[in-house]
Amino acid sequence: MLQDNIFLKVINREIPAAIVYEDSLCVAFRDINPQAPVHLLIVPRKVIRTHEDIQEEDKDLLGHMHLVAAKLAKQLGLKDGYRLVINCKEGAGQTVPHLHMHLLGGRVMDWPPG
């Protein structure tokens, strides 16, 4: 996993990103290495290193991220469905030490993934 938190740099506008949504709790932007026609990252402003590190106090934030994903999927016309992914740690594909949710759509998603 990268040591540098590039998502925090995006949130703080230290590096550019194609931001499509932001509010007081999270920021959503286009993935620079998209795996589908629509591939957004939904990132909480609060730094949480991995999904394993979430606490009881984060439940409203995590619920909010899901509501944002549903809102963006609707705005982007993902009527045929979409996939939400949270990778936890390197063995599952997490590369940035900041919890984030992938919103993928615009193509058929195979199962199992990976």
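Residues numbered from 1 in each chain as written. Predicted model: local features only at pLDDT ≥ 70, side-chain atom pairs only at ≥ 80, totals over all residues. Heavy atoms only, no water.

*Asks:* Report on unusual backbone geometry, specifying residues and quantitative values.
*Replies:* Pro112 follows Trp111 through a cis peptide bond whose omega is 0 degrees. Along the chain, the position of Pro112 falls in the segment after strand 5 (101–105). With a phi angle near 60 degrees, Arg13 is a residue other than glycine that sits in the positive phi range. Among the structural elements, Arg13 can be located in the loop between helix 1 (6–11) and strand 1 (19–22). Notably, Lys89 is not glycine yet its phi reads approximately 80 degrees, a positive angle. (Helix = DSSP H or I, 4+ residues; strand = E, 2+ residues; numbered from the N terminus.)

*Asks:* An account of the sheet that holds strand 3 (residues 38–44) is requested, with residue identities and associated values reported.
*Replies:* Across the sheet, five strands lie side by side as 1-2-3-5-4; this open sheet has antiparallel pairing. Looking at strand neighbours, the two that pair on one side only are strand 1 and strand 4 (82–85), the edges of this open sheet. Pairwise comparison of adjacent strand axes, ignoring direction, gives a mean angle of 20 degrees for this sheet. Relative to strand 3, strand 2 (residues 26–30) runs antiparallel, the two being bridged by five bridges. Across the sheet, residue Val27 finds its bridge partner in strand 3, namely Val43. Contacts from helix 2 (residues 59–75) reach strand 1, strand 2, strand 3, strand 4 and strand 5, with the element oriented near 155 degrees to strand 3. (Pairing = 2+ DSSP bridges. Axes fitted to C-alpha atoms, helices over the stretch in contact; angles between N-to-C directions. Contact = heavy atoms within 4.5 Å.)

*Asks:* Mind laying out helix 2, listing which residues take part and the relevant values?
*Replies:* Note: α-helices contain 3.6 residues per turn, so residues at a spacing of three or four share the same orientation. Relative to the 24 Å expected for 17 residues at 1.5 Å per residue, helix 2 spans 25 Å between its end C-alpha atoms, a close match to the ideal helical length. The set of residues buried in helix 2 consists of Leu61, Leu62, Met65, Val68, Ala69, Leu72 and Ala73. Buried residues of helix 2, viewed axially, fall in a sector of 135 degrees; they line one side. Opposite the packed face of helix 2, turned more than 90 degrees from it, sit the exposed residues Lys59, Asp60, Leu67 and Lys74. Packing partners of the buried residues in helix 2 comprise strand 1, strand 2, strand 3, strand 4 and strand 5. (Expected span 1.5 Å × (residues − 1). Buried < 20%, exposed > 50% of the residue type's maximum accessible area, 1.4 Å probe, protein only. Arc of directions from axis to C-beta.)

*Asks:* Run through the nonpolar core, naming residues and quoting values.
*Replies:* Counting residues in each nonpolar core, the largest one holds 18 residues, and the members touching the most others are Tyr21, Ile42, Val68, Leu72 and Leu103. For this core, the secondary-structure elements that each account for two or more residues are strand 2, strand 3, helix 2 and strand 5. With seven residues, helix 2 is the largest single contributor of residues to this core. What Val68 contacts, discounting residues up to four positions off in sequence, is Tyr21, Asp23, Cys26 and Ile42. Phe7, Val27, Leu41 and Val43 belong to the second largest nonpolar core, which has eight residues in total. (Core = buried A, V, L, I, M, F, W, Y, C linked by side-chain atoms within 4.5 Å.)

*Asks:* I'd like a rundown of the side chain of His98, residues and numbers included.
*Replies:* Here His98 shows up in the loop between strand 4 and strand 5. Contacts of His98, omitting those with residues within four sequence positions, involve Asn5, Phe7, Leu8, Ile11, Val43, Pro44, Arg45, Lys46, Val47, Ile48 and Arg49.

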